[in-house]
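Residue-level structure breakdown
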Amino acid sequence: MKIVSVVGARPNFVKISPLLAEMRRHPDVCSLLVNTGQHYDANMADQFFQELQIPQADVSLEVGSGSHAYQTAEVMRRLEPVLDRLRPDALVVVGDVNSTLAATVTAVKLRIPVAHVEAGLRSFDRAMPEEINRLLTDAISDYLFVTEEGARQNLLREGVADDKIFFVGNVMIDSLERYRSSWEHSRIRAQLGLPESAYGVVTLHRPSNVDDPIVLGDLLKALSEVARQLPVVFPCHPRTRTRIAQLNGSVSGLELRSDRADTPGLCCVDPLGYLDFMALVASARIVFTDSGGLQEEAAVLGVPCLTLRENTERPVTVTHGTNRVVGTSPARIVQEAIRVLQTPAPSPSRPPLWDGNASERIVAILRDRLRRVPGLTGDGQRNHT
Ligand code: UD1
């Protein structure tokens with residue numbers, strides 16, 4: 001059976017790596033990879049391919065940055081002839097980025113079945129571009145692989161048939177476990193001059209947090225305040241780096257550093273590769289983030305996580321993990337951080353099935369289901385009907 005996987009943005013790379021490795025173990029699966037090029041900087045893409053042993057893409061669409069409509073449309077326009085030529089038996093998409101939605105719509109209209117990995121998550125906030133991507137992708141996908149029970153409930157409420165939904169665990173945690181012995185050897189903490197278990201890590205890149213200068217300024221002030229208590233390191237997404245530069249020193253009381261983190265103040269560094277970033281998070285005392293994946297990784301690593309948003313689409317990280325959704329009010333962020341720092345560090349916590357074997361389950365289900373499709377020829381010919 002021929003399976004095409006589509007990736008484009010940084011979190012996609014972390015999710016697809018264990019799936020591709022698992023597909024390679026099965027001689028009956030011909031696995032091909034398309035990279036849309038939504039993320040293209042060496043430290044946002046190439047480094048992840050190398051560290052996570054992702055084979056070079058069979059097809060690169062080189063779409064790059066742009067508005068939502070531009071990026072989505074460009075992926076569709078460039079992907080359509082590729083899928084028409086390859087005619088796979090199934091398309092695999094992961095997560096909730098623009099490339100995920102664009103690839104799904106393109107494949108479904110060519111009558112290629114779509115498997116969505118990390119389906120059913122809902123923030124119930126339609127101002128979030130990813131929420132739109134999630135809703136639309138799930139509405140038309142054929143196989144919906146979910147990371148938590150709540151996601152199944154969301155899908156059932158939206159009218160998705162129960163027999164299309166599979167609770168399999170979390171491929172992000174597969175990568176974390178698969179590369180544990182590699183990231184445990186990272187020297188990033190020493191390179192940045194950070195004391196073991198006595199520093200914080202920040203990531204921020206949601207448009208709602210970084211595109212408005214007032215919101216961003218308030219968040220940076222709150223984090224600077226925390227950075228008076230312990231070093232805080234901030235690997236900075238390019239979108240956020242641009243926005244911080246545009247603040248032009250207009251935020252008073254903000255101390256931003258960019259070399260070593262062992263003096264007071266927020267230390268902004270370039271985006272880190274996967275291995276260094278996991279190592280940095282694993283030894284942190286506290287994490288501040290608006291990313292989805294980091295809420296999950298912090299839970300399994302037993303690191304308290306303050307989510308700087310009004311909601312999370314990953315509630316299991318709160319009920320079974322170390323996550324607390326604290327919003328974006330500076331006073332609340334500082335208060336919650338102090339509370340965490342005065343409380344003993346929690347133990348690592350694993351939501352159900354987050355055991356490092358999600359990819360194995362997904363590929364087993366896909367192989368089983370695709371084998372049952374009448375007239376499967378291995379080159380997707382049935383899709384011409
Ligand atoms: C995208 C995803 C988001 C995901 C995030 C992970 C969508 C709607 N958003 O957000 O869900 O959490 O990726 O990082 O798909 N840029 C570079 N170099 C790059 C990539 C981007 O400089 O390699 C800059 C460009 O100025 C670009 C901006 O970052 O315009 C935003 O990139 P984009 O892919 O549009 O969205 P992200 O904020 O990265």
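A regular strand places its side chains so that they alternate between the two faces of the sheet. Summarising burial for strand S1 (residues 2–7): six of the six residues are buried, a large majority. Residues Lys2, Val4 and Val6 line one face of S1 and the alternating positions Ile3, Ser5 and Val7 line the opposite face, and both faces are buried. Note that the unit made of S1, helix H1 (residues 10–24) and strand S2 (residues 30–35) has a crossover that is right-handed. Relative to strand S4 (residues 90–94), S1 is paired through four bridges, and the arrangement is parallel. In the strand pairing of S4, Val4 is matched with Leu91.

A word on the site of the ligand. Close contacts around the ligand come from 19 residues, with His39, Glu130, His205, His237 and Arg239 the closest. One nitrogen or oxygen atom from the side chain of Asp41 is found 2.9 Å from a nitrogen atom belonging to the ligand. Within the contact set of the ligand, an oxygen atom lies 2.8 Å away from a side-chain nitrogen or oxygen of His237. When isolated, the ligand has an accessible area of 740 Å², and the protein chains bury 85% of it. Of the residues in the shell around the ligand, the class split is five nonpolar, eight polar and six charged. Taken together, domain 1 (2–169 + 354–371) and domain 2 (182–341) each give at least three residues to the shell around the ligand, which thus spans both.

Sheet strands line up and pair through hydrogen bonds in the backbone, either parallel or antiparallel. Judged by pairing direction, the sheet is parallel, and its seven strands sit side by side in the order S3-S2-S1-S4-S5-S6-S7 without closing on themselves. The sheet terminates laterally at strand S3 (59–60) and strand S7 (165–167), the two strands that pair on one side only. By the bridge criterion, six bridges tie S1 to S2 in an arrangement that is parallel. Bridge assignment links Val7 to a residue of S2, and that residue is Asn35.

Moving on, we get to the domain arrangement of the protein chain. One can read the domain layout of the protein chain as domain 1 (2–169 + 354–371) and domain 2 (182–341). Between the C-alpha centres of domain 1 and domain 2 the distance comes to 27 Å. Counting from both sides, the interface comprises 21 residues of domain 1 and, opposite them, 19 residues of domain 2. Carbon and sulfur atoms supply 59% of the area buried between domain 1 and domain 2, which totals about 1700 Å² over both sides. Considering only the side of domain 1, the residues that lose the most area to domain 2 are Glu51, Glu148 and Trp354, jointly responsible for 30% of the buried surface there. At the boundary of domain 1 with domain 2, the tally comes to three salt bridges. For Arg134, the salt bridge goes to Glu313, with nearest N and O atoms at 3.7 Å.

Tallied over the entire structure, the rule returns two aromatic pairs. Here Phe13 and Phe49 contribute two aromatic rings whose centre-to-centre distance is 5.1 Å and whose plane-to-plane angle is 65°, an arrangement assigned as edge-to-face. Placement of the pair is Phe13 in helix H1 and Phe49 in helix H2 (residues 42–51), with a sequence separation of 36 residues. Each member of the pair, Phe13 together with Phe49, is buried.

Moving on: the sheet that holds strand S13 (residues 305–307). One open sheet holds the seven strands; their spatial order is S10-S11-S9-S8-S12-S13-S14, and the pairing between them is parallel. In this open sheet, the two edge strands, each paired with only one partner strand, are strand S10 (256–257) and strand S14 (323–325). Examined bridge by bridge, S10 and strand S11 (residues 266–269) share two bridges and lie parallel to one another. Residue pairing for S11: Leu256 is matched across the bridge by Leu266. Helix-sheet contacts for helix H11 (residues 213–226) involve strand S8 (200–203), strand S9 (232–235), S11 and strand S12 (286–289), and the interaxial angle to S11 is about 115°.

Turning next to the environment of Met278. Here Met278 shows up in helix H13 (residues 274–282). Considered as a pair, Met278 and Leu294 are 16 residues apart in the sequence and their alpha carbons are 9.4 Å apart. Beyond its immediate stretch of four places on either side in the chain, Met278 contacts Leu176, Trp183, Glu297 and Leu301.

Conventions and cut-offs
- Residues numbered from 1 in each chain as written.
- Predicted model: local features only at pLDDT ≥ 70, side-chain atom pairs only at ≥ 80, totals over all residues.
- Heavy atoms only, no water.
- Buried < 20%, exposed > 50% of the residue type's maximum accessible area, 1.4 Å probe, protein only.
- Helix = DSSP H or I, 4+ residues; strand = E, 2+ residues; numbered from the N terminus.
- Right-handed = clockwise from strand over helix to strand, strands pointing away.
- Pairing = 2+ DSSP bridges.
- Near = heavy atom within 4 Å.
- Polar contact = N/O pair within 3.5 Å; in protein donor to acceptor, adjacent residues only side chain to side chain.
- Areas by Shrake-Rupley, 256 points an atom, 1.4 Å probe, with all protein chains shown as cover.
- Nonpolar A, V, L, I, M, F, W, Y, C, P; charged D, E, K, R; others polar.
- Domains from an automatic or database assignment.
- Contact = heavy atoms within 4.5 Å.
- Buried area = accessible area lost by both parts, 1.4 Å probe.
- Salt bridge = Lys/Arg side-chain N within 4 Å of Asp/Glu carboxyl O.
- Phe/Tyr/Trp six-rings, centres within 6.5 Å; stacked < 30°, edge-to-face > 60°.
- Axes fitted to C-alpha atoms, helices over the stretch in contact; angles between N-to-C directions.

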